[in-house]
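Below, each chain spelled out in residue letters.
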Amino acid sequence: MPARRGHRPSKAPVGRPRFWGRHAVIAALENPERVVRKIWATREAIANIEFNPAIPIVYAQATDLARLVPGDAPHQGLVIEVDPLEDIWLADLLEQGAGDQRPLLILDGVTDPHNVGAILRSAAAFDALGIVTPDRNAPPESGTIARSASGALELVPWVRVTNLARALEEIAEAGFWRIGLTGDSEQTLAKAMGTQRIALVLGAEGEGMRQNTAAHCDELAKLPISDKIESLNVSNAAAIALYAVATR
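Keep in mind that this is a model prediction, so the values were computed, not measured. (Residues numbered from 1 in each chain as written. Predicted model: local features only at pLDDT ≥ 70, side-chain atom pairs only at ≥ 80, totals over all residues. Heavy atoms only, no water.)

1. Considering the environment of Gly151
Inference 1: Within the element layout of this structure, Gly151 appears in the loop between helix H6 (143-149) and strand E7 (158-161).
Inference 2: Judged by relative accessible area, Gly151 falls into the buried class, the value being 6%.
Inference 3: With residues near it in sequence (within four places) discarded, Gly151 still touches His23, Ala24, Ala27 and Ala146. (Helix = DSSP H or I, 4+ residues; strand = E, 2+ residues; numbered from the N terminus. Buried < 20%, exposed > 50% of the residue type's maximum accessible area, 1.4 Å probe, protein only. Contact = heavy atoms within 4.5 Å.)

Structure (structure tokens):
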């Protein structure tokens with residue numbers, strides 16, 4: 001996608017990931033932007049699924065498919081090989097969201113693919129504009145992300161940027177109020193939100209946001225959880241924060 005202005009995305013991840021599981025595979029097959037290179041499937045699993053007949057298909061037993069995916073991954077009789085999606089420019093994503101109140105998610109150092117997939121699923125559920133991650137310290141597209149996202153990898157725009165601080169500046173220029181979530185803040189997310197367009201910034205579990213990332217937030221806020229527990233999983237925190245934005 002050519003860019004007219006704004007922060008340049010990184011190059012797409014090298015290699016072709018394999019996706020597995022019914023939701024991830026069907027979503028990829030239905031996405032006109034996704035290039036599917038090959039399908040492996042049991043005849044029962046693929047029987048009622050529409051797909052481009054030009055895509056090569058190999059019919060196999062479930063035990064054979066298990067050799068194509070990691071460990072005990074639940075392939076449900078479906079495995080595909082795909083090209084990573086084309087890069088998205090941050091400027092274009094911000095332009096698409098101009099004039100609406102959809103929240104934006106920025107992930108700083110969230111590297112666990114299960115968490116990224118779960119966050120994508122929540123982002124789709126609450127109609128987020130998209131997610132933004134650094135090209136380093138963020139996982140590439142993978143079967144684990146696609147499975148955890150339950151189809152949302154095909155629905156939620158994912159922008160990768162080379163410099164997160166500069167991207168946060170561009171996000172502010174687009175009219176977003178940048179709220180960094182941290183348990184160290186004294187104010188809650190509800191008090192920090194106001195009526196502006198919201199960009200939620202979440203850091204890695206344990207380490208949290210980097211200092212420079214926090215410095216590029218307009219406010220820091222916490223979720224009002226009990227002091228019986230130190231913190232929430234980052235994907236749970238993202239889901240709760242998105243709900244708070246949706247219902248303010």
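2. Concerning the sheet that holds strand E8 (residues 176-181)
Inference 1: Reading across the sheet, the six strands line up as E7-E6-E5-E9-E8-E10 and stay open at both edges, with parallel pairing between neighbours. Either end of the sheet is taken by a strand with one partner, and the two such strands are E7 and strand E10 (219-221). Between one strand axis and the next, the sheet turns through 25° on average, direction left out of account.
Inference 2: Relative to strand E9 (residues 197-203), strand E5 (residues 104-108) runs parallel, the two being bridged by five bridges. Of the residues in E9, the one forming a bridge with Ile106 is Val201.
Inference 3: The sheet strands contacting helix H10 (residues 234-247) are E5, E8 and E9, and the helix crosses E9 at an angle near 170°. (Pairing = 2+ DSSP bridges. Axes fitted to C-alpha atoms, helices over the stretch in contact; angles between N-to-C directions.)

3. Focus: the packing of helix H5 (residues 113-125) against H10
Inference 1: Running from N to C, H5 and H10 point in directions that differ by 10°, and their axes come no closer than 8 Å. Judged by the angle between their axes, H5 and H10 are roughly parallel. The way H5 lies across H10 gives a crossing that is right-handed. Residues Asn115, Ala118, Ile119, Ser122 and Ala123 of H5 form the contact with H10, whose own contacting residues are Val234, Ser235, Ala238, Ala239 and Leu242. (Parallel < 35°, antiparallel > 145°, perpendicular 65-115°, else oblique. Left-handed = near helix turned anticlockwise from the far one by under 90°.)

4. Some words on H10
Inference 1: Helix length check: H10, at 14 residues, gives a terminal C-alpha distance of 20 Å against a target of 20 Å (1.5 Å per residue), a fit within 8%.
Inference 2: Considered for burial, the residues of H10 that qualify are Val234, Ser235, Ala237, Ala238, Ala241, Leu242, Ala244 and Val245.
Inference 3: Summarising the contacts, the buried residues of H10 are in contact with E5, H5, E8, helix H8 (189-193) and E9. (Expected span 1.5 Å × (residues − 1).)

5. Thoughts on the packing of aromatic side chains
Two numbers describe a pair of aromatic rings. These are the distance of the centres and the angle of the planes.
Inference 1: Scanning all chains against the criterion turns up one aromatic pair.
Inference 2: Residues Phe126 and Tyr243 carry aromatic rings whose centres are separated by 6.2 Å and whose planes lie at 70° to one another, so their mutual orientation is edge-to-face. You can see Phe126 sitting in the loop between H5 and strand E6 (130-134) and its partner Tyr243 sitting in helix H10, a full 117 residues away along the chain.
Inference 3: With a relative accessible area of 28%, Phe126 lands in the partly exposed category.
Inference 4: With a relative accessible area of 48%, Tyr243 lands in the partly exposed category.
Inference 5: Against the face of Trp158 rests Arg160, its NZ or CZ located 4.1 Å from the ring centre. (Phe/Tyr/Trp six-rings, centres within 6.5 Å; stacked < 30°, edge-to-face > 60°. Lys NZ or Arg CZ within 6 Å of the ring centre and 35° of its normal.)

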